[in-house]
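Here is how the chains run, residue by residue.
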Amino acid sequence: MSSAGRWGTEAQGTHCREGEAGYNVSLEGTMGDTQRSPTISTDNQGIAVQNSDKAGSKVQETAANDKPPILVRESSLARIRILARREPDMVFTSLAHRIDLDLLKKSFRQLKKSKSSGVDKITAKQYAENLDENLYKLHQRLRRGQYVAFPVKRIWIDKENGKERPIGITALEDKIVQKAVATLLNIVFDVNFYDFSHGFREGHSQHMAINELREKCRKLNIGWFISADITGLFDNLDRSYLREMLSRRVNDGGILRLIGKWLNAGVMEGNKVIYPDTGVAQGAVISPVLSNIFLHYVLDEWFVKEVIPRMKGRCFIIRFSDDFIIGCELESDARRIMEVLPKRFGRYNLALHSEKTVLIPFARPKSHDKGGKGKRTFDFLGFTFFWSKSRQGYWVIKKKTARKRLSRFMRMLWHWCKENRHEPMPVQYDTLCSKLRGFYQYFGVRSNYKALETVFEYAEKAWRIWLSRRSQNGDVLFEHLRASHPLPKPRIVHNI
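Our subject in this report is the structure included herewith. Because the structure is a prediction, the values reported are computed rather than measured.

Scanning the model with the defined rule gives 21 aromatic pairs in all. Ring centres of phenylalanine 189 and phenylalanine 193 lie 6.5 Å apart, and the angle between their planes is 20°; on these two criteria the pair is classed as stacked. The class of phenylalanine 189 is buried, set by a relative accessible area of 0%. The exposure class assigned to phenylalanine 193 is buried, which follows from its relative accessible area of 5%. Linked through ring pairs, Phe225, Phe316, Phe362, Phe378, Phe385 and Trp387 together constitute an aromatic cluster. Between arginine 464 and the ring centre of phenylalanine 478, over which it is positioned, the NZ or CZ distance is 4.7 Å.

Counting residues in hydrophobic clusters, the biggest one holds 80 residues, and the most contacted among them are Val181, Leu185, Leu341 and Phe345. When near neighbours in sequence (up to four residues on either side) are disregarded, phenylalanine 345 contacts Ile230, Leu295, Val298, Leu299, Phe324, Leu350 and Leu352. In this structure, Trp387, Leu432, Tyr442 and Trp463 belong to the second largest nonpolar core, which totals 48 residues.

Bringing empty space enclosed by the protein into the picture now. Tallied over the entire structure, the rule returns 5 cavities of 30 Å³ or more. Approximately 70 Å³ is the volume found for the largest cavity. Contributing to the lining of the largest cavity are 14 residues, with Ser114, Ser116, Ala124, Leu172 and Lys175 lying nearest its centre. Partitioning the lining of the largest cavity into residue classes produces 5 nonpolar, 6 polar and 3 charged.

A few words now on the sheet that holds strand β6 (residues 315–320). Read from one edge of the open sheet, 4 strands run β6-β7-β3-β8, paired in antiparallel fashion. Looking at strand neighbours, the two that pair on one side only are β6 and β8 (358–361), the edges of this open sheet. Strand-to-strand, the axes of this sheet are offset by a mean angle of 20°, without reference to chain direction. Here helix α8 (residues 206–220) sits on the sheet and contacts β3 (224–229), β6 and β7 (323–328); the angle it forms with β6, its principal contact strand, is near 170°.

So, on to unusual backbone geometry. The backbone phi angle of lysine 121 is positive, close to 60°, even though this residue is not glycine. Here lysine 121 lies in the loop between α4 (101–110) and α5 (124–128). Located in the positive-phi region is leucine 381, a residue other than glycine, with phi close to 55°. Here leucine 381 is to be found in the loop between β9 (373–380) and β10 (383–389). Residue leucine 381 is classed as buried on the basis of its relative accessible area of 9%.

Here the focus is the sheet that holds strand β5 (residues 272–274). Reading across the sheet, the 4 strands line up as β2-β1-β4-β5 and stay open at both edges, with mixed pairing between neighbours. On the outer flanks of this sheet lie β2 (164–169) and β5, each paired with one strand and no other. Here the average twist between neighbouring strands, direction ignored, is 40°. Judged from the 3 bridges that link them, strand β4 (residues 267–269) and β5 form a sheet pairing that is antiparallel. Its bridge partner lying in β5, valine 267 is registered against isoleucine 274.

In the contact formed by helix α14 (residues 403–419) and helix α15 (residues 425–443), the axes pass within 12 Å of each other and the chain directions differ by 175°. Between α14 and α15, the interaxial angle falls into the category roughly antiparallel. On α15, the residues touching Arg405, Leu406, Phe409, Met412, Leu413, Trp416 and Cys417 of α14 are Gln428, Thr431, Leu432, Lys435, Leu436, Phe439, Tyr442 and Phe443. Considered class by class, the residues forming the contact of α14 with α15 number 11 nonpolar, 2 polar and 2 charged.

Another point: the pattern of salt bridges. A full pass over the atoms with the stated rule returns 15 salt bridges. The partner of glutamate 215 in a salt bridge is arginine 214, and the shortest N-O contact between them spans 3.4 Å. On the accessibility criterion, glutamate 215 (22% relative accessible area) is partly exposed. For arginine 310, the salt bridge is made with glutamate 306, and the minimal N-O distance between the two is 3.1 Å. Using a relative accessible area of 48% as the deciding quantity, one classes arginine 310 as partly exposed. Relative accessible area serves as the criterion here: at 37%, glutamate 306 is assigned to the partly exposed category. Ionic contacts of the salt-bridge type, sharing partners, join the residues Arg214, Glu215 and Arg218 into one network.

The rules behind each value
- Residues numbered from 1 in each chain as written.
- Predicted model: local features only at pLDDT ≥ 70, side-chain atom pairs only at ≥ 80, totals over all residues.
- Heavy atoms only, no water.
- Phe/Tyr/Trp six-rings, centres within 6.5 Å; stacked < 30°, edge-to-face > 60°.
- Buried < 20%, exposed > 50% of the residue type's maximum accessible area, 1.4 Å probe, protein only.
- Lys NZ or Arg CZ within 6 Å of the ring centre and 35° of its normal.
- Core = buried A, V, L, I, M, F, W, Y, C linked by side-chain atoms within 4.5 Å.
- Contact = heavy atoms within 4.5 Å.
- 1 Å grid on protein atoms, 1.4 Å probe; cavity = no way out; pocket = protein on both sides within 12 Å on 5 of 7 lines; lining within 4 Å.
- Points joined across faces, edges and corners; volume = space filled by probe spheres on them.
- Nonpolar A, V, L, I, M, F, W, Y, C, P; charged D, E, K, R; others polar.
- Pairing = 2+ DSSP bridges.
- Helix = DSSP H or I, 4+ residues; strand = E, 2+ residues; numbered from the N terminus.
- Axes fitted to C-alpha atoms, helices over the stretch in contact; angles between N-to-C directions.
- Parallel < 35°, antiparallel > 145°, perpendicular 65-115°, else oblique.
- Salt bridge = Lys/Arg side-chain N within 4 Å of Asp/Glu carboxyl O.

This is the structure we're talking about:
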C-alpha cells in the first residue's frame, strides 16, 4: 500500500492565513500539503537535492543561513474548536497549516521526557539543547513536503500471563509532529465522542469511568455484564476503514498524508525493518487518538444508535481506549448483545478473545442473604468489582485492586530493590517513595485501603531485606529504617 495513493487525497480547502487562522511567523511559501512537489527557489534546489539523500539524518539543513524566525504571537486553535462544536458534521479540509512553530513547541513540552530513544537515537534532553533551531528546521521540512518518518523501534515487555506485549518507540521528531496532529484531531472529533468514552480525552480519566460504572449499576438495576477483550486492536486495526472514518471529519490531504507516512514507515526489530499492512504502533503518540476514532464508529455509535433502541430493558456501555464493558438489566438483552458483538467486530476485521469475552451475572444479592460478600466479581481498568455489605448492612458495590495488578506491582518492587540495593540511600529512597505515591494515586479509592496497606508493608519488607544483603555488617532494623527514611503511608486519594 503506497502512502501517496491511499492517504493522499487532494485537500479541498484553501490555506489562507487570516483572522483567527492567522499564522504566527513571517514565512514565505506553501504548506506543502498537496501531491505536487513544493516550489523551491533556485538557490535552494541544490540543498533540496542533498537533503533527499539524507532523509534519515537527525536534522536536515534547509539553508546555510537559516535561523528561527521571531514569533509574532501564539497561534490559536479556538476557532477550530468553536467550528467543531457548532457544526458536528462539518468536514475540515484545511488543518495542516495549523502545525506551526508554536504548536510544535507546545507539543514538545507536552511529551514525556523519557530517556529511551527511537531509531534516531536522539533524546529529548539532546534535542532541547538547540530547541528553537531544531523545531524551525522540522517545520521547514513539513512546509516543503520533505518530512520523512522514521521506522518505529519495537521492544517487548512481559505480561501477567507469561506472554509478551509489543511496544513501539517512535523517533523524537515523529513524536512531536504526532502530538501536534493528535491535538488537532482531538479538537475536531471530541465533540462527536460520547461521554462514556473516557480514554485519552481532556477532562476524562480512568477514575471517571470507574465512578460512572458504579453509579450506572446502582441507578439502572444492572444484573448482567459483558466483559469483552479485543484481540490485538493496535496490531490488527484495518487502515482502509481508519482512513474512511478520518475523512468523515478531516479530509485534509496534508494531515492524511502525515498519518499515512507514520503507518507505512515500518517497524524495526533488531536490525530488520518490516512493513505490516495493518495496525498502528502501540506506544506511538498518535495511536490512542486513532484507536479512539476507530472504536467510536465501530462500537460506540453502533451501540447507541442500533443496540439500545432494540433492548427491552436498560443497558449502558463504558469504554476506556480498547477496554470496554457492557451492563444490562435483563439476561435476554445481554445474551442478544453477546451474540451479535463478535459479528460487529468481524465486519471490521477485528476479533474478540473467545476466553476473555464472558457473560457475568452480577445482580444485587437478596437482603436476607448471609455473608458479607457477593459470589460473582468482574475486573475493569485494574480493579475488581464485587458486592459487599456496608456498615449499615446494605448491599453496595465495592472495588479493590485486581489480584494480577497487585502481584505484578509487588514483584516489581522486589526486583527493583534487589537491582538497586547498591545505589545511594537518597536515590533509593526518592525513587521508592515515587513508586508508592504513584500506586496510591491510581488505586487510592474507597474500600481499597487494605490493598494499599499490603503494598506499603511489602515495600518496607523488601527494601529492608535487600539493604541488609549489601554487606556482611548485619541486618538493617525496621526501627532505624523507619526513623531515617519513612516511606509514604497509604491514603485514599479519590472519593469514589
